[in-house]
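Here's the letter readout for the chains.
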Amino acid sequence: MPSTAERLEFAPPRDTGSLRAYALALLAHALLIAALTWGVHWKHSDRTASFEAELWTSTPQAAAPQLVEAPPPPPPPAPPPAPEVKAAPPAPNVDIALEQEKKRKLLQQQKEAEAQKLAQQEKLKAELQAKKEKERELKAREDLAKRKAAEDLKKAEEKKQEAKEQAQQKLAQAAMEKQRQENMRRIAGLAGATGGADAKGSAQKAGGPSASYGGKVRAAVKPNVVFTEDIAGNPTAEVEVRTTLDGSVVSQRLIKSSGNKAWDDAVIKAIIRTGTLPRDVDGRVPTPMILEFRPKD
């Protein structure tokens, strides 16, 4: 093994400017290492540190060729930019639309049902009103027919009663005439007449009613006169009255009108209300007799 002296013997001569050279060399290597490091880190994300050392020996040896680092592979091409995808507008919710349409139809059906119900109620109301009007009209017709029938029946009864009264008056007149004839015969007999009832001559005649008898008759009939109308003047109504022997009135007949029908009717009704005429001083009731009535007497 060679000694240190031998190595020094063959060593290159010392360079007096080695310090400056070392400093420059170190600075150059430092800059180179910094540049390489920056380049590697700029191209790759590999964090593996690369180191380079230079060894110096006393024995001159052939220097190994400097390792040249292969350049890093080129970075893969950047992928093309993805096309911008625009968000499509949200699709309408079909269920909500169907539900809304269903509600709208249901509401429309309710409105139509209410309108139909209201129309039906109005129709029923109109029919009921028409029925009531028809019933009222029918009832009015029935009432009118009943009133007419009642009036016709009343008129028939009045006519029947009038006919009955006329028949009774005729019978009464016939009876009165017969009684009068008998009274005439009786009076003629009492006066000493000898002839028959139909005899003619100068026989004595019966005396008439007393002078006060007319006042008695008026006093009996006048309280039964009901007359409140105003009348012009003081007209006279003459009534023929026929009675029985006891004074009961059997008939009355207007033989001369006063010209005022109301006064004539009041007189006739007053005689009917009186019913019986008073007797004369001799106890008789002359029949027939003619009575005169004036409203202001």
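Higher on the page you've got the structure.
Predicted model, so just to flag it, every value in this text is computed and none were measured.

Q: Any chance you could explain the overall build of the protein chain here in plain terms?
A: Per the secondary structure count, the protein chain includes five helices and three strands. Beginning at the N terminus, the succession of helices and strands in the protein chain can be written as α-α-α-α-β-β-α-β. Taken across its 297 residues, the protein chain has 13% of its residues classed as buried. Look at the contacts in the protein chain between residues 6 or more apart in sequence, and 72% of them connect residues 24 or more apart.

Q: What should I look at first to understand the sheet that holds strand S3 (residues 289-293) in this one?
A: Through backbone hydrogen bonds, the strands of a sheet pair up, either in parallel or in antiparallel fashion. Here three strands make up an open sheet; going across it, the order is S2-S1-S3 and the pairing antiparallel. This sheet does not close on itself; its edge strands, each paired only once, are strand S2 (249-256) and S3. Strand-to-strand twist across the sheet, computed as the mean angle between neighbouring axes with direction ignored, equals 30°. Strand direction decides the pairing type here: strand S1 (residues 237-243) and S2, joined by six bridges, are antiparallel. Considered in S2, the bridge of Val-241 is made with Gln-252.

Q: Mind showing me how you'd approach the side chain of Asp-280 here?
A: Its place among the elements puts Asp-280 in the loop between helix H5 (261-274) and S3. For the buried Asp-280, no salt bridge is present, and the opposite-charge side chain at shortest range is Lys-216, 5.1 Å distant. Sequence-distant contacts of Asp-280, defined by excluding residues within four places in its chain, comprise Pro-209, Ser-210 and Tyr-213.

Q: When you look at the side chain of Gln-252 in this model, what are you seeing that I'm missing?
A: Residue placement: Gln-252 occurs in strand S2. Beyond its immediate sequence surroundings of up to four residues, Gln-252 is in contact with Val-239, Glu-240, Ile-268, Ile-271 and Ile-272.

Q: Quick question: what am I supposed to make of helix H4 (residues 213-221) here?
A: Count 3.6 residues to each turn of an α-helix, and residues three or four apart come out pointing the same way. Residues of H4 that are buried include every one of Tyr-213, Val-217 and Val-221, and no others. The buried side chains of H4 occupy one side of the element, clustering within an arc of 65° when seen end-on. Turning to H4, the residues buried within the fold contact H5 and S3.

Q: Sorry if this is basic, but what is going on with unusual backbone geometry here?
A: Note on backbone geometry: most residues besides glycine have negative phi, and most peptide bonds are trans. The residue after Thr-287, namely Pro-288, is reached through a cis peptide bond having omega -10°. Tracing the sequence through the fold places Pro-288 in the loop between H5 and S3.

Q: I tried to follow the nonpolar core on my own but got confused; where do I start?
A: As a rule of thumb, soluble globular proteins bury nonpolar side chains together. In terms of nonpolar packing, the biggest core is built from 18 residues, with Val-221, Val-239, Val-241, Ile-271, Leu-277, Met-289 and Phe-293 touching the most fellow members. Those elements giving two or more residues to this core turn out to be H4, S1, H5 and S3. With five residues, H5 is the single largest residue contributor to this core. Excluding residues within four positions of it along the chain, Val-239 makes contact with Gln-252, Arg-253, Leu-254, Ile-255, Val-267, Ile-268, Ile-271, Met-289, Ile-290, Leu-291 and Phe-293.

Q: Looking at this structure, how should I read the pairing of S1?
A: As a general feature of sheets, a regular strand has side chains that alternate between the two faces. In terms of residue burial, S1 counts as a mostly covered element, since seven of its seven residues are buried. Along S1, one buried face is formed by Ala-237, Val-239, Val-241 and Thr-243 and the opposite face, lined by Glu-238, Glu-240 and Arg-242, is buried too. Where S1 meets S3, five bridges bridge the pair, whose relative direction is antiparallel. When the sheet's bridge partners are listed, Val-241 is paired in S3 with Met-289. The hairpin formed by S1 and S2 contains five residues between the paired strands, and Gly-247 there has a positive phi angle of roughly 95°.

Calculation notes
Residues numbered from 1 in each chain as written. Predicted model: local features only at pLDDT ≥ 70, side-chain atom pairs only at ≥ 80, totals over all residues. Heavy atoms only, no water. Helix = DSSP H or I, 4+ residues; strand = E, 2+ residues; numbered from the N terminus. Buried < 20%, exposed > 50% of the residue type's maximum accessible area, 1.4 Å probe, protein only. Contact = heavy atoms within 4.5 Å. Pairing = 2+ DSSP bridges. Axes fitted to C-alpha atoms, helices over the stretch in contact; angles between N-to-C directions. Lys, Arg positive; Asp, Glu negative; His and termini not counted. Salt bridge = Lys/Arg side-chain N within 4 Å of Asp/Glu carboxyl O. Arc of directions from axis to C-beta. Core = buried A, V, L, I, M, F, W, Y, C linked by side-chain atoms within 4.5 Å.

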